[in-house]
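Structure assessment
Each chain, letter by letter, is given below.
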Amino acid sequence: MIKVGIIGGSGYTAGELLRLLVHHPQIALDFVYSTTNAGVSIHKQHPDLIGETELKFTDTINPVVDVLFLCLGHGRSRSFLESNTFSELTKVIDLGNDFRLNEDQNFLGRDFVYGLPELQKDKIKSAKNIANPGCFATAIQLGLLPLASAGKLTHSVHINATTGSTGAGVMPGGTTHFSWRDNNFSSYKVFTHQHLGEIEQSLQQLQHDFEVPVFFIPNRGNFSKGIYATMYTKFEGDIEEAKELYKSFYTDAKFTVVSEDEINLKQVVNTNKCILHVTKKNGMLLITSVIDNLIKGASGQAIHNMNLMFGLEEKTGLELKASAF
């Protein structure tokens, strides 16, 4: 059994991670660290886990667990690792944004590998430390990687993507309050979102001469979970060529599928799937990508990475079904 520790257990991402790990057949949950909830039963913070685990939050860390998941706020993983020491054998999976960019991936002797399985599965298998991708970045990259792999991103890329309220985290704020969010829609961080860096980095990894602008408009939706992303760019080939390109690129992908039919968000919520659809109109290739922001965009992808790192079958603990009605 793989002994697991979780740092920062009270947020949405940690809640989904716990929901998946308590039923994972190959792990033993050793501790869930939270200084604000020490001694409190986990199901008090995550009511969906009542009857699933009797574990309590703790302010004590076991430094020799097999794998450590960091579910801290963005920018806090570095300071946590500076202040706490773990065994050299402990693998680290960071769900924040501290180590996603190439220039940040070596820290305190730990080399972090960008953990997008569809991009670099083999590197993940041999990695000791993983920088889990961002949720928007996951949906968008999976929509664009096949084009980059074929050198087809030669014109500007336009992206419009909408995320649910859980994408903003568990701490309440002005734009997450129910009365503001309900029956509302808004954009934020237009053309400046923090996930653009990792998106462009991955595209350049596959298409070395990639240098076209990427225009990304992130939106807030009035639903809880999921990301619905559309992206378009000029494409010289016909639609059949595009479909074959996408299906070929994802032939061996365990969780990313290409649909012949138009897609919707309910097909992926509560699953680790990404579903893609491509069509061409007026010389533009339109790609639609849908994921669950907390699972495929965070905790499920982190467990997928763990499975790869420990030589487990990729779908272990992740064979989840959507509720499409």
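Check the entry above for the structure.
Residue indices follow the written sequence of each chain, beginning from 1 at its first position. Local features in this predicted model are restricted to residues whose pLDDT is 70 or higher, and side-chain atom pairs enter the listing and the counts only when it is 80 or higher, whereas totals over whole chains, interfaces and linings include all residues. To obtain the side-chain values, all non-hydrogen atoms of the structure were used and water was disregarded.

1. A short note on the packing of aromatic side chains
Paired rings are identified among Phe, Tyr and Trp, the last through its six-membered ring, by centres lying within 6.5 Å, and are further divided according to the angle between planes into stacked (under 30 degrees), edge-to-face (over 60) and tilted (the rest). Going through the model one piece at a time under the given rule, you end up with 7 aromatic pairs. Geometrically, the ring pair formed by Phe-99 and Phe-112 is stacked, given 4.0 Å between the ring centres and 10° between the ring planes. Of this pair, Phe-99 sits in the loop between β4 (91-94) and β5 (106-107) while Phe-112 sits in strand β6 (residues 110-114), and the two are 13 residues apart along the sequence. Judged on exposure class, the residue Phe-99 and its partner Phe-112 are both buried. Clustering of aromatic rings is evident, with ring pairs tying together Tyr-33, Phe-80 and Phe-86. Above the plane of the ring of Phe-310 lies Lys-91, whose end atom (NZ or CZ) is 5.5 Å from the centre. The criterion for a charge sitting over a ring is simple: Lys NZ or Arg CZ within 6 Å of the ring centre, and within 35 degrees of the ring normal. Positioned above the aromatic ring of Phe-255, the side-chain terminus of Lys-315 is 5.9 Å from the ring centre. Secondary structure counts use DSSP, requiring at least four H or I residues in a row for a helix and at least two E residues in a row for a strand, with both numbered from the N terminus. Throughout this description, buried means an accessible area under 20% of the type-specific maximum (1.4 Å probe, protein chains only), exposed means over 50%, and partly exposed covers the range between.

2. As for the packing of helix α1 (residues 12-21) against helix α9 (residues 295-309)
Between N-to-C directions, angles cover 0 to 180 degrees, with each direction set by a line fitted to C-alpha atoms, over the stretch in contact for helices. Following both chains from N to C, one finds α1 and α9 inclined at 45°, their axes separated by 9 Å at the closest point. As summarised for this structure, α1 and α9 are arranged oblique, according to the angle between their axes. Here α1 and α9 pass one another in a crossing that is right-handed. For the pair α1 and α9, contact is made by Thr-13, Glu-16, Leu-17, Arg-19, Leu-20 and Leu-21 and by Ile-295, Ala-298, Ser-299, Gly-300, Ile-303 and Met-306, respectively. Residue type decides the class: Asp, Glu, Lys and Arg count as charged, Ala, Val, Leu, Ile, Met, Phe, Trp, Tyr, Cys and Pro as nonpolar, and the leftover types, Gly among them, as polar. Of the residues assigned to the contact of α1 with α9, the class counts are 7 nonpolar, 3 polar and 2 charged. For classification purposes, angles smaller than 35 degrees are called roughly parallel, those larger than 145 roughly antiparallel, those between 65 and 115 roughly perpendicular, and all remaining angles oblique. Rotating anticlockwise by less than a right angle from the far helix to the near helix defines a left-handed crossing, while the corresponding clockwise rotation defines a right-handed one. Throughout, a residue-residue contact means that at least one pair of heavy atoms, one from each residue, lies within 4.5 Å.

3. What to know about helix α7 (residues 196-206)
Since there are 3.6 residues in each turn of an α-helix, residues three or four apart along the chain are aligned in direction. All of the buried residues in α7 are Leu-196, Glu-198, Ile-199, Gln-201, Ser-202 and Leu-203. Looking at the buried side of α7, the elements it contacts are β6, α4 (117-125), α5 (135-149) and β10 (214-220).

4. Structural notes on the sheet that holds strand β9 (residues 186-187)
Between any two strands, at least two bridges found by DSSP are needed for them to pair. Pairing in this open sheet of 7 strands is mixed, and the strands run β9-β10-β8-β11-β14-β13-β12 from one edge to the other. On the outer flanks of this sheet lie β9 and β12 (256-258), each paired with one strand and no other.

5. Re the pattern of salt bridges
Close approach of charged atoms allows side chains of opposite charge to pair. Any carboxyl oxygen of Asp or Glu that lies within 4 Å of a side-chain nitrogen of Lys or Arg is treated as forming a salt bridge with it. What the rule picks out here adds up to 9 salt bridges. With a closest N to O distance of 3.2 Å, Arg-100 and Glu-198 form a salt bridge. One end of the pair, Arg-100, is in the loop between β4 and β5; the other, Glu-198, is in helix α7, with 98 residues separating them in the sequence. A relative accessible area of 2% places Arg-100 in the buried class. By relative accessible area, which is 3% here, Glu-198 ends up buried. A cluster of three or more residues bridged by salt bridges with shared partners is formed by Glu-16, Arg-19, Lys-225 and Asp-292.

6. What about the side chain of Asp-94?
Inspection of the secondary structure puts Asp-94 in strand β4. The charge count includes Lys and Arg as positive and Asp and Glu as negative, but it does not include His or the ends of the chains. Here Asp-94 is buried and forms no salt bridge, its nearest opposite-charge partner Arg-100 lying at an N-O distance of 6.4 Å. A polar side-chain atom of Asp-94 sits 3.2 Å from the main-chain amide nitrogen of Gly-96. Ignoring sequence-local partners within four residues, the contact set of Asp-94 consists of Leu-70, Ser-77, Phe-99, Phe-112, Ile-130, Ala-131 and Asn-132. What qualifies as a polar contact is a pair of N or O atoms within 3.5 Å, subject to a donor-acceptor requirement within protein and to the restriction that residues adjacent in sequence count only when both atoms come from side chains.

These values are about where atoms sit, not about what they do.
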